[in-house]
Amino acid sequence: MREVTIEHTVPFHDVDPLLVVWHGHYFKYFEYGREALLRAHGLDVPDLMALGLKMMVVESHCRHLRPLRHGERVAVRAYFGRVDHKIMVHFEVRSVTHGHRAARGHTALVTLDRAGELLRDTPPEVRARLEAAAG
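Note that the coordinates shown come from a computational prediction; the quantities given were computed from them, not determined experimentally. (Residues numbered from 1 in each chain as written. Predicted model: local features only at pLDDT ≥ 70, side-chain atom pairs only at ≥ 80, totals over all residues. Heavy atoms only, no water.)

**Some details on the pairing of strand β4 (residues 87–95)**
Thought 1: In terms of burial, β4 is largely enclosed, as seven of its nine residues are buried.
Thought 2: In terms of strand pairing, strand β3 (residues 73–80) meets β4 through seven bridges, oriented antiparallel. Residue A78 lies in a different strand from β4, and its bridge partner there is F91.
Thought 3: Counting the residues that bridge the hairpin from β3 to β4 gives six residues.
Thought 4: Taken together, β4 and the strand that follows it, strand β5 (residues 101–113), pair antiparallel across an intervening segment of five residues, in which G99 is found at a positive phi of about 80°. (Buried < 20%, exposed > 50% of the residue type's maximum accessible area, 1.4 Å probe, protein only. Helix = DSSP H or I, 4+ residues; strand = E, 2+ residues; numbered from the N terminus. Pairing = 2+ DSSP bridges.)

So this is what it looks like as structure tokens:
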């Protein structure tokens, strides 16, 4: 399925006293990628709300490989894995400045109905948008 890559520069407020990106900010970087990926598939928050649906993160994982530092250019690549019961979004965070992979991970999303009830499977209208984008 289609993937997206977004870039940003590490701001000073993302680094810790050791002058490296604090580990928790990698999940924020994942969110930047996930939001761009969902938007590219017509599944941004307003799109979901129009369908009477919501999504919720039920699992997240990050493996830190090399540190990022203030001012580095960072590329976040996001792409879909499984989309049947849960929607798996995988990530790779790379330093554009130095050319190394800094982190990789994933999040798992489930779909909820308008009332907030968990849907057992990814709804057909969501899968159709993912499949259409895949070609």
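**Comments concerning the packing of aromatic side chains**
Thought 1: Under the defined criterion, the tally for this structure stands at four aromatic pairs.
Thought 2: Aromatic pair F30 and F91: ring centres 4.4 Å apart, planes at 5°, arrangement stacked. Remark: F91 occurs in strand β4 and F30 occurs in helix α1 (residues 25–40); sequence separation between them is 61 residues. Side by side, F30 and F91 carry an identical accessibility label, which is buried. (Phe/Tyr/Trp six-rings, centres within 6.5 Å; stacked < 30°, edge-to-face > 60°.)

**A few points about the pattern of salt bridges**
Thought 1: Scanning the entire structure with this criterion turns up twelve salt bridges.
Thought 2: Close ionic contact of R77 with E3 constitutes a salt bridge, the shortest N to O distance being 3.0 Å. Placement of R77 in strand β3 and of E3 in strand β1 (residues 3–9) is noted, with a sequence separation of 74 residues between them.
Thought 3: The exposure class assigned to R77 is partly exposed, which follows from its relative accessible area of 24%.
Thought 4: A salt bridge links E92 to R94; the shortest N-O distance between them is 3.7 Å.
Thought 5: The network of salt bridges with common partners includes E3, R77, E92, R94 and R101. (Salt bridge = Lys/Arg side-chain N within 4 Å of Asp/Glu carboxyl O.)

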